[in-house]
Amino acid sequence: NQPNPFWEIYNGLAENTEFKNYFVNRYADLMNTVFTANQYTPIVDSMYNQLLPELPRHFQTWTGDIPGGMATYDAIHDQLLNDFSLRSDVVRNQIVNEFSLVKKVNVTLNVQPEGAGYIKISTIVPDELPWTGVYFDGVPVRMTAVANPGYTFSSWQVNSLIPGAELLNESIELNVSTSEFFKAMFIGTEEPLAVTISEIHYNPETSVDGGNWIELHNFGSTP
């Protein structure tokens, strides 16, 4: 058999610490978002329900296609969701073993006061706070506090992992060696967004290379 060139490329990249850390954290990001039950269950159910009206006619025509008919179809649907629900722990353990990491850890994020800002962790921004995701002891992860209009980042709430000298840094990168709670503290008051579309230019006259564009105007004082 010829060696797989793509596997060789990946193995070479994985020897680079920066690539390895990005790969592991990005994998964790996806497991914490698109591969959660809240994301995949509606997709599986939608496909199941889309096919459901056609199946009696299908089984009548192809009686031997799926022994057991509708009961088997329903069982496959349930088994698929069950497999997905068990998959997360399995693949996270594979990441730990493959990259010789220490263990999985829970990272919980929140802000104070509520609605004052948000936190970007690795490559994602959680939709709601408080939020808990799973990352890995053995690979540093970056967390960045971002203020909403009218607020200013003040500090991180003290916990067991953030060095005292970094509590005032909006962005911190550290190895999360134990499940921990990270809260970003903000000061200020809410300032409504004051941005409007002031001009639109589309489908320009062909003799002029003007392009398609939208102009925004900020009436507020927050960049």
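Structure: see above.
Residue positions are counted from 1 within each chain, in the order its sequence is given. Residues qualify for local features only when their pLDDT is at least 70, as the model is predicted, and side-chain atom pairs are given and counted only at 80 or more; totals for whole chains, interfaces and linings, by contrast, use all residues. The basis for every side-chain value is the complete set of non-hydrogen atoms in the structure, without hydrogens or water.

1. Quick notes on the environment of Ser155
Inference 1: Residue placement: Ser155 occurs in strand β5 (residues 151–156).
Inference 2: C-alpha separation for the pair Ser155 and Ile187, spaced 32 residues apart in sequence, amounts to 9.5 Å.
Inference 3: Only heavy atoms enter the contact rule, under which two residues are in contact if any of them lie within 4.5 Å. Ser155 has contacts with Leu167, Leu168, Lys183, Ala184 and Met185, leaving out every residue within four places of it along the chain. Comment: elements are numbered from the N terminus, with helices defined as DSSP H or I runs of at least four residues and strands as E runs of at least two.

2. Observations concerning the sheet that holds strand β1 (residues 103–112)
Inference 1: In this description, strands pair whenever DSSP reports at least two bridges between them. Reading across from one edge, β3-β1-β7-β5 is the order of the four strands in this open sheet, with mixed pairing throughout. Looking along the sheet, the strands with just one partner apiece sit at the ends: β3 (131–137) and β5. For this sheet, the mean inter-axis angle between neighbouring strands, taken without regard to orientation, is 30°.
Inference 2: Looking at chain direction, β5 and strand β7 (residues 180–188) are connected through five bridges and run antiparallel. For every element, the axis is a line fit to its C-alpha atoms; helices are fit only across the contacting stretch, and the angle between N-to-C directions ranges from 0 to 180 degrees.

3. Description of the pattern of salt bridges
Inference 1: The salt bridge definition used is simple: a Lys or Arg side-chain nitrogen within 4 Å of an Asp or Glu carboxyl oxygen. Scanning all chains against the criterion turns up four salt bridges.
Inference 2: For the salt bridge of Lys104 with Asp89, the shortest nitrogen-to-oxygen distance reads 3.5 Å. Taken together, the residues Lys104 in strand β1 and Asp89 in helix α5 (residues 70–98) connect sequence positions 15 residues apart.
Inference 3: Of the charged contacts, one joins Arg142 and Glu173 as a salt bridge, the two residues approaching to 2.8 Å between their closest N and O atoms. With Arg142 in strand β4 (residues 141–147) and Glu173 in strand β6 (residues 171–174), the pair connects residues that are 31 residues apart, well separated along the chain.

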